[in-house]
Amino acid sequence: MVSSPGVGASRDGNSNAAVTNTWLRSGVPAAWLFRPGCILASLGKAKRGLGYRLFLFLISIVICFVVTKSFLLLPIFLMGMRYYFSRKVILHYLDCALHTDMSDIEQYYMKPPGSCFWVAVLDGNVVGIVAARGNEEDNTVELRRMSVDSNYRGKGIAKALGRKVLEFAMLNNYSSVVLGTTAVKMAAHKLYESLGFKHVGVVEHYALPGMTRSLLERMFFQLRYHRYRLQLREE
C-alpha cells in the first residue's frame, strides 16, 4: 500500500512555508504558478540565445543587411526572433500541460497509487507546487512540475518541495528518484545537486510538445534536456 506523506502540513527547517497535499482547489494554484514560471523560463532562454551558433549569427547578418541595408538592427532582429520562437514553443507546452495532468490534479496525482501532489503555503497563499509520479516497473519516482512563485524565490521553498518528494519516495520504498529539466539557470541545477541528485546525461536538441522542428525554429530555439537521478537504495 502506498502512503502519502504531507496529509496535513509539514515545515522544512530552512523555510517557513508549509508543504501540504490537502490545500488543492480544482487545479487553480497549479495553473496560477505553473504558467508564469514557464513564461519566465521562456524569456530567460531568449536572452541566453543571442549568438547561440556562429551559423545563426552569419545568416542573421545577411538577412538584416538585405532587408535594412544596415547592420544596426541585428541585435534587435536576433532578440526578436529568439523571443518569438521561445514564447511560441513555451505557450504550446503550457497548453499541453494545462489540458492534461495540470487540468485534473486529483485524477493524475492524488488517486493513482505511487503518485502525489503538494503545494507550499506561506501566509495563507500557495507559493509553490511539486508532483511525484511513481513507476512500478523500475521502482522509481519522477519529480515533476516543480514551480515557485517568483516573489518567493530564495526562501528555501523549492528545496522544501524537493525534500517532500524524497520523503515520499523513501516512505514508499522506491529505489530512486529521477527528474528531467530544460532549465538554463545554474541555480536550478545547484538545487538538484544540493538535494543529492547526480547528473546522469543530457539530450541535445530536445523537443517539447508543440515544437515543429522547422528550420527557423531549430535556428532560433534549441533546448538541452538534463537528466538527474538520486539513488536511495540498491535493488
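Here the structure is shown first, and the text comes after it.
All of the points below concern the structure found in this document. Note that the coordinates shown come from a computational prediction; the quantities given were computed from them, not determined experimentally. (Residues numbered from 1 in each chain as written. Predicted model: local features only at pLDDT ≥ 70, side-chain atom pairs only at ≥ 80, totals over all residues. Heavy atoms only, no water.)

1. Quick look at the packing of aromatic side chains
On inspection of all chains with the given rule, the structure shows four aromatic pairs. Note on Tyr109 and Phe117: the rings are 5.7 Å apart at their centroids and 40° apart in plane angle, and the pair reads as tilted. Here Tyr109 falls in the buried class, since its relative accessible area comes to 0%. Judged by relative accessible area, which is 0%, Phe117 ranks as buried. With a centroid separation of 5.4 Å and an interplanar angle of 55°, the aromatic rings of Tyr192 and Tyr228 are classed as tilted. Residue Tyr192 is located in helix 6 (residues 186-194), and its partner Tyr228 is located in strand 8 (residues 225-231); the two are separated by 36 residues in the primary sequence. (Phe/Tyr/Trp six-rings, centres within 6.5 Å; stacked < 30°, edge-to-face > 60°. Buried < 20%, exposed > 50% of the residue type's maximum accessible area, 1.4 Å probe, protein only. Helix = DSSP H or I, 4+ residues; strand = E, 2+ residues; numbered from the N terminus.)

2. With respect to the pattern of salt bridges
Scanning the entire structure with this criterion turns up five salt bridges. A salt bridge links Lys164 to Glu167, with the shortest nitrogen-to-oxygen separation between them at 3.4 Å. Remark: Glu167 and Lys164 occur in helix 5 (residues 157-171); sequence separation between them is three residues, near one turn of the helix. The exposure class assigned to Lys164 is buried, which follows from its relative accessible area of 3%. Classification of Glu167 as partly exposed rests on a relative accessible area of 36%. (Salt bridge = Lys/Arg side-chain N within 4 Å of Asp/Glu carboxyl O.)

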